[in-house]
Amino acid sequence: GCVPLVPLNQRVLDSGKETLRLRSMQTRVFDTADRERTLRDVVATLRDLDFTITKADLMLGVVSGTKQGMRITVTVSPRGSGQLVVRANAQQHMSPVEDPEAYQRFFAALEKAMFLTAHQVD
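As a starting point, this report considers the structure included with it. (Residues numbered from 1 in each chain as written. Predicted model: local features only at pLDDT ≥ 70, side-chain atom pairs only at ≥ 80, totals over all residues. Heavy atoms only, no water.)

Moving on, we come to helix H3 (residues 100-114). Taking 1.5 Å per residue, 15 residues should reach 21 Å; H3 reaches 21 Å between its end C-alpha atoms and fits that length. For H3, the full list of buried residues reads Ala 102, Tyr 103, Phe 106, Phe 107, Leu 110 and Met 114. Within H3, the buried residues cover an arc of 120 degrees as seen down the axis, which keeps them to one side. Of the residues flanking the start of H3, the one acting as N-cap is Asp 99, its side-chain oxygen 3.1 Å from the backbone nitrogen of Glu 101. (Helix = DSSP H or I, 4+ residues; strand = E, 2+ residues; numbered from the N terminus. Expected span 1.5 Å × (residues − 1). Buried < 20%, exposed > 50% of the residue type's maximum accessible area, 1.4 Å probe, protein only. Arc of directions from axis to C-beta. Polar contact = N/O pair within 3.5 Å; in protein donor to acceptor, adjacent residues only side chain to side chain.)

Shown next, in the form of structure tokens:
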């Protein structure tokens, strides 16, 4: 039998929507320009969540950690002169984590560590 093919442009649009949805879960903006302190707070938060830190690079703004088959990479980058974008990208057994609750837990813990409120990216 023949399998109907979905037009390429439809698949690209669908994957784009899925990518935006995932990126929205993974990304928050904080009203601070202190990148070094934010990276230290990311490290502390990951440790509090029982991750073992495997990489922390201040120059690149990247922190990575692992725990029980899960790997997380958090990047911190400037947005304008007074904000930082924090993006967490998690994988469980080499598959992307798409559960919003996992990211919500991380950002809730990070907000407490930073004494700041995270904002959705607009």
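Let us now look at the environment of Arg 87. Checked against the element boundaries, Arg 87 lands in strand S5 (residues 83-92). Considered as a pair, Arg 87 and Thr 73 are 14 residues apart in the sequence and their alpha carbons are 8.1 Å apart. For Arg 87, the side chain forms a polar contact with the side chain of Gln 26, separated by 2.7 Å.

This paragraph deals with unusual backbone geometry. For Asp 50, which is not glycine, the phi torsion reads 70 degrees and is therefore positive. Along the chain, Asp 50 falls in the loop between helix H2 (35-48) and strand S2 (52-57). Its identity is not glycine, yet Met 94 carries a phi of approximately 70 degrees, on the positive side. Relative accessible area serves as the criterion here: at 64%, Met 94 is assigned to the exposed category.

So, on to the side chain of Asp 41. Secondary-structure assignment places Asp 41 in helix H2. Contact partners of Asp 41, with chain neighbours within four places excluded, come to Leu 110, Ala 113 and Met 114. (Contact = heavy atoms within 4.5 Å.)

Now for the nonpolar core. Counting 25 residues, the largest nonpolar core has Val 42, Leu 46, Val 74, Val 86, Phe 106, Phe 107 and Leu 110 as the members making the most contacts within it. Secondary-structure elements contributing two or more residues to this core are helix H1 (8-26), H2, strand S4 (70-79), S5 and H3. With 6 residues, the top contributor of residues to this core is H3. Residues in contact with Leu 110, not counting those within four places in the same chain, are Phe 30, Asp 41, Val 42, Thr 45 and Val 86. (Core = buried A, V, L, I, M, F, W, Y, C linked by side-chain atoms within 4.5 Å.)

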